[in-house]
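One letter stands for each residue in the lines below.
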Amino acid sequence: MTPDEIQQNLITASHMIDMDDIVREGFFTLREVASDATFPLSDEDIILGEKMLQFLHHSQDPVMSEKLGLRGGVGLAANQLGLLKKVIAVLIPNESEFDEEGNEIAPKEAYKMREIMYNAKVISHSVQDAAVEGGEGCLSVDHEVPGYVVRHARVTVEYVNKDGEKKKIRLKDFPAICVQHEIDHTNGIMFYDHINMNDPWEIKDGMLVVK
C-alpha cells in the first residue's frame, strides 16, 4: 500500500490499530527520517494521532489488550505504522501507592504523561546519562535485546500539539526515556543502537538507573 492508503486505512472510523498495523524490524520506515508535519494539521493527521493514543490506551487495558491481542506499550511513533511523519503518542500511567497497611491507593491522576506530539525534538539535555533498569523493549521488535539503553537523564523537548500550539516541556527519568525512544523512531534510530554490545550492562560513571 502507498503511504496515503496506509493512513486512510488507519484512520477509518471503524478501524482500531492493532499489532498487524505495526511494522517490524527490516521495514524501511524504521530506518528513515520522517518528514515534519505541516500546519495547520490536516484532519487526517489529527485523527492519526488520536488513533495512536487510542492504541496505547487499549494496550494498557487488560480486557481490550486481550481482545485485540496487543502488547502493552507506553509510546508509539508513526514510523512504526509505516508512515514517515513526525507524529508520536505517549501514554505513561501513574503508579498506585500503598498505605501503611498495604492497601492500594489509586493515583489522583491516572497518567503521568498523555500527549500526542507533532515534530517533537530534543533541544537540550543533561550531561548525566540514564537507562531503564531492565533494558527497553519495542513494539516493532519481537525479541528481547538485553542491555542498558543509554539515554539522557533529563531533556527539554519542543513539539506542537494537535491544536497547533507550540509547547516546550522538561522531562526526567522514565518519561524522558520514553519520549527519547519515540523521537528516535522519527529519526530512524532503534533503541538497541544505544546499547554497548561489547558490554551491554556496563554502568557508566554517574549513570542513573531508572526502575
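Residues numbered from 1 in each chain as written. Predicted model: local features only at pLDDT ≥ 70, side-chain atom pairs only at ≥ 80, totals over all residues. Heavy atoms only, no water.

## What to know about the environment of Thr 38
So, step 1. With respect to the helices, strands and loops of the structure, Thr 38 is situated in the loop between helix H1 (3–11) and helix H2 (43–60).
So, step 2. With a relative accessible area of 57%, Thr 38 lands in the exposed category. (Helix = DSSP H or I, 4+ residues; strand = E, 2+ residues; numbered from the N terminus. Buried < 20%, exposed > 50% of the residue type's maximum accessible area, 1.4 Å probe, protein only.)

## Digging into the sheet that holds strand S1 (residues 75–77)
So, step 1. Across the sheet, which stays open at both edges, the 5 strands sit in the order S1-S2-S5-S8-S9 with antiparallel pairing between neighbours. If you trace the sheet from one side to the other, it starts and ends with S1 and strand S9 (166–172), each paired once. The mean angle between the axes of side-by-side strands here comes to 40 degrees, regardless of whether they run parallel or antiparallel.
So, step 2. Relative to strand S5 (residues 111–125), strand S2 (residues 87–93) is paired through 7 bridges, and the arrangement is antiparallel. Bridged to Leu 91 within S5 is Arg 114.
So, step 3. Against the sheet, H2 contacts S1, S2 and S5, and its axis sits at roughly 30 degrees relative to S2.
So, step 4. The strands touched by helix H4 (residues 173–186) within the sheet are S1, S2, S5, strand S8 (154–160) and S9, with S2 carrying the most contacts at an inclination of about 160 degrees. (Pairing = 2+ DSSP bridges. Axes fitted to C-alpha atoms, helices over the stretch in contact; angles between N-to-C directions. Contact = heavy atoms within 4.5 Å.)

## Description of the UniProt feature "binding site: Fe cation" (unreviewed entry) in the protein chain
So, step 1. Sequence positions flagged by UniProt for "binding site: Fe cation" (unreviewed entry) are, in local numbering, Cys 138, His 181 and His 185. The named residues occupy 48 residues along the chain; their greatest pairwise C-alpha distance, 10.3 Å, places them in one compact cluster. Taken from the residues named earlier, the lining of the largest pocket is made up of Cys 138, His 181 and His 185.
So, step 2. Relative accessible area serves as the criterion here: at 8%, His 181 is assigned to the buried category.
So, step 3. Leave out the neighbours within four places in its chain, and His 181 touches Glu 136, Gly 137, Cys 138, Arg 151 and Phe 191. (UniProt positions renumbered as here; feature names shortened; annotations may be inferred. 1 Å grid on protein atoms, 1.4 Å probe; cavity = no way out; pocket = protein on both sides within 12 Å on 5 of 7 lines; lining within 4 Å.)

## A few points about the layout of surface pockets
So, step 1. Put simply, the largest pocket is a space of about 320 Å³.
So, step 2. Val 74, Glu 136, Gly 137, Phe 174 and His 181 are, among the 18 residues lining the largest pocket, the residues nearest its centre.
So, step 3. In terms of residue count, the dominant contributor to the lining of the largest pocket is H4 (6 residues).
So, step 4. Grouping the constituent residues of the lining of the largest pocket by class yields 7 nonpolar, 8 polar and 3 charged.
So, step 5. Put simply, the second largest pocket is a space of about 220 Å³.
So, step 6. Looking at the lining of the second largest pocket, the elements with two or more residues in it are S2 and H4.
So, step 7. The biggest single contributor to the lining of the second largest pocket is H4, with 3 residues. (Points joined across faces, edges and corners; volume = space filled by probe spheres on them. Nonpolar A, V, L, I, M, F, W, Y, C, P; charged D, E, K, R; others polar.)

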